[in-house]
Amino acid sequence: MRIDVLTLFPEMVEPVLGQSIVGRAIEEGQVEVRVVDFREYSPDKHKKVDDMPFGGGPGMVLRVEPIVRALRAIEGYETARKIILTPQGSPYTQSTARTLSGEKHLVLLCGHYEGIDERVSDYFDEEVSIGDYVLTGGEIAALALIDSTVRLLPGVLHNAASSDEDTFSAGLLEYPQYTRPRVFEGKSVPEVLLSGHHEAIRAWRELEMLKRTKARRKDLFDRHVEKRKKKG
Ligand code: 6GU
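Asker: When you look at the overall build of the protein in this model, what are you seeing that I'm missing?
Answerer: A tally of helices and strands in the protein yields nine helices and ten strands. In terms of overall size, the protein is more extended than a compact globule, its C-alpha atoms giving a radius of gyration of 22 Å where 232 residues would be expected to give roughly 17 Å. Each principal axis of the C-alpha distribution contributes one length, and for the protein these read about 70 × 40 × 40 Å. The buried share of the protein, reckoned over its 232 residues, is 41%. In the protein, 73% of the contacts between residues at least 6 apart in sequence involve partners at least 24 apart. About 14200 Å² of surface is accessible on the protein, with carbon and sulfur atoms providing 52% of the total. Between the averaged position of the 33 positive side-chain charges in the protein and that of its 37 negative side-chain charges there is a distance of 6 Å.

Asker: Help me understand the site of the ligand, please; the structure alone is not making it clear to me.
Answerer: Neighbouring the ligand are the residues Leu85, Thr86, Pro87, Val128, Ser129, Ile130, Gly131, Tyr133, Leu135, Gly137, Gly138 and Ala141. Tyr133 has a polar backbone atom sitting 2.6 Å from a nitrogen atom of the ligand. Leu135 places a main-chain nitrogen or oxygen 3.0 Å from a nitrogen atom of the ligand. Considered on its own, the ligand offers 290 Å² of accessible surface; in the complex 97% of this is hidden by protein. Mapped by element, the contributors of at least two residues to the shell around the ligand are β5 (81-91) and β8 (126-129). Looking at which element gives the most residues to the shell around the ligand, the answer is β5, with three residues. Grouping the constituent residues of the shell around the ligand by class yields seven nonpolar, five polar and no charged.

Asker: What's the story with the sheet that holds β8 in this structure? I'm lost.
Answerer: Within a sheet, each strand pairs with its neighbour through backbone hydrogen bonds, oriented either parallel or antiparallel. One open sheet accounts for five strands, arranged β2-β1-β6-β5-β8; its pairing is parallel. Only two strands of the sheet have a single neighbouring strand rather than two, namely β2 (32-37) and β8. Across the sheet, the mean angle separating the axes of adjacent strands is 30 degrees when strand polarity is ignored. Where β5 and β8 come together, five bridges link them in parallel fashion. Paired with Pro91 across the two strands is Ser129, which belongs to β8. Against the sheet, helix α1 (residues 10-17) contacts β1 (2-7) and β2, and its axis sits at roughly 165 degrees relative to β2.

Asker: What is the right way to look at the sheet that holds strand β3 (residues 50-51) in this model?
Answerer: Spatially, three strands are ordered β3-β4-β7 in an open sheet, and the strand pairing comes out mixed. The sheet terminates laterally at β3 and β7 (115-116), the two strands that pair on one side only. Pairing analysis gives two bridges linking strand β4 (residues 61-62) to β7, with the strands arranged parallel. Pairing of Val61 across the sheet is with Gly115, part of β7.

Asker: Looking at this model, I keep getting lost on a nonpolar patch on the surface. Mind explaining?
Answerer: A contiguous nonpolar patch, built from Met12, Tyr133, Leu135 and Ile140 and spanning about 340 Å² of accessible area, is present on the exposed surface. Inspection of the secondary structure assignment puts Ile140 in helix α5 (residues 139-150).

What counts and what doesn't
For every chain, the first residue of the written sequence is number 1, and numbering continues from 1 along that sequence. Predicted model: local features are reported for residues with pLDDT of at least 70 only, side-chain atom pairs are reported and counted for 80 or more only, and whole-chain, interface and lining totals are derived from all residues. Side-chain calculation: all heavy atoms of the structure are included, whereas hydrogens and water are not. Under the DSSP-based scheme used, a helix requires at least four consecutive residues in state H or I and a strand at least two consecutive residues in state E, with every element numbered from the N terminus. A radius of gyration in this sense is built from C-alpha atoms; the matching globule rule multiplies 2.2 Å by the number of residues raised to 0.38. Exposed residues in this analysis have more than 50% of their type's maximum accessible area, buried residues have under 20%, and partly exposed residues fall in between, with area computed by a 1.4 Å probe over protein chains only. Here a residue-residue contact requires only that any non-hydrogen atoms of the pair lie within 4.5 Å. Accessible surface area values rest on a Shrake-Rupley calculation with a 1.4 Å probe, where residue burial reflects the displayed protein chains alone. Within this scheme the basic residues Lys and Arg register as positive and the acidic residues Asp and Glu register as negative, but His and the chain ends are omitted. Charged side chains are reduced to one point each, which is NZ for Lys, CZ for Arg, CG for Asp and CD for Glu. A single heavy atom is enough: if one lies within 4 Å of a molecule or strand, its residue is considered near that molecule or strand. Any N or O atom pair separated by 3.5 Å or less is treated as a polar contact, with the protein-specific requirement of one donor-capable and one acceptor-capable atom, and with residues adjacent in sequence counted only for side-chain atom pairs. Under the convention adopted here, Pro, Cys and the residues Ala, Val, Leu, Ile, Met, Phe, Trp and Tyr are nonpolar, Asp, Glu, Lys and Arg are charged, and Gly plus all remaining residues are polar. Strands are labelled as partners when DSSP assigns at least two bridges between them. A fitted line through C-alpha atoms serves as each axis, taken over the contacting stretch for helices, and the angle formed by two N-to-C directions is quoted from 0 to 180°. Patch membership requires over 30% relative accessible area and the absence of a salt bridge. Like charges are linked within 9 Å, and nonpolar side chains (Val, Leu, Ile, Met, Phe, Trp, Tyr) within 5 Å. Salt-bridge detection follows one rule: a side-chain nitrogen of Lys or Arg within 4 Å of a carboxyl oxygen of Asp or Glu.

In structure tokens:
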């Protein structure tokens, strides 16, 4: 997979990509990420990338020319899946990550300031938001999208079972995990996990997933119950 990130803050993105599982995937060549500072594509001599909104109002708006020029400089941009990161986008979910992990080439545009000139959207396929809160820019959202997508690429998670057991793949939150020591400051690991009784452990974990999901994510719990009803 190839990923191009269009941003005004490359130094917010680049160092993060070198770390952990994504860093290793880049080193191993499973993904190639390029970070492009679209300020370099501003057509004017002051390299201005924003301007006042037509119609008035607070803040500044990202101009269309630097973005479209930077996009057109990306090799193969025509066939890439082109995504704008903005709080105005459709919600990003694990299912979006699964879909994107099947793409050959992604282009991610990080918005900033009050917004992006609406005409930019004609050059992109979709707009995506990572949740109902406002970030100062799309960089952290782009990193979340890259991280969640790259970990699903074949061979990136060396333990293949681990992405199938993900929280949202099953539609439930995960069960609680424990490791050594067996007792810490008087807090014991649940007895069943030490029993070696595989069926009892499986049943306990399933119940914990349901309890936790019901308490924390009633929306996911209700959907899970509906799905089970339909299956009969
Ligand atoms: Cl994609 N961008 C910004 N600026 N804020 C966000 C977001 C994106 N998703 C949630 N909040």
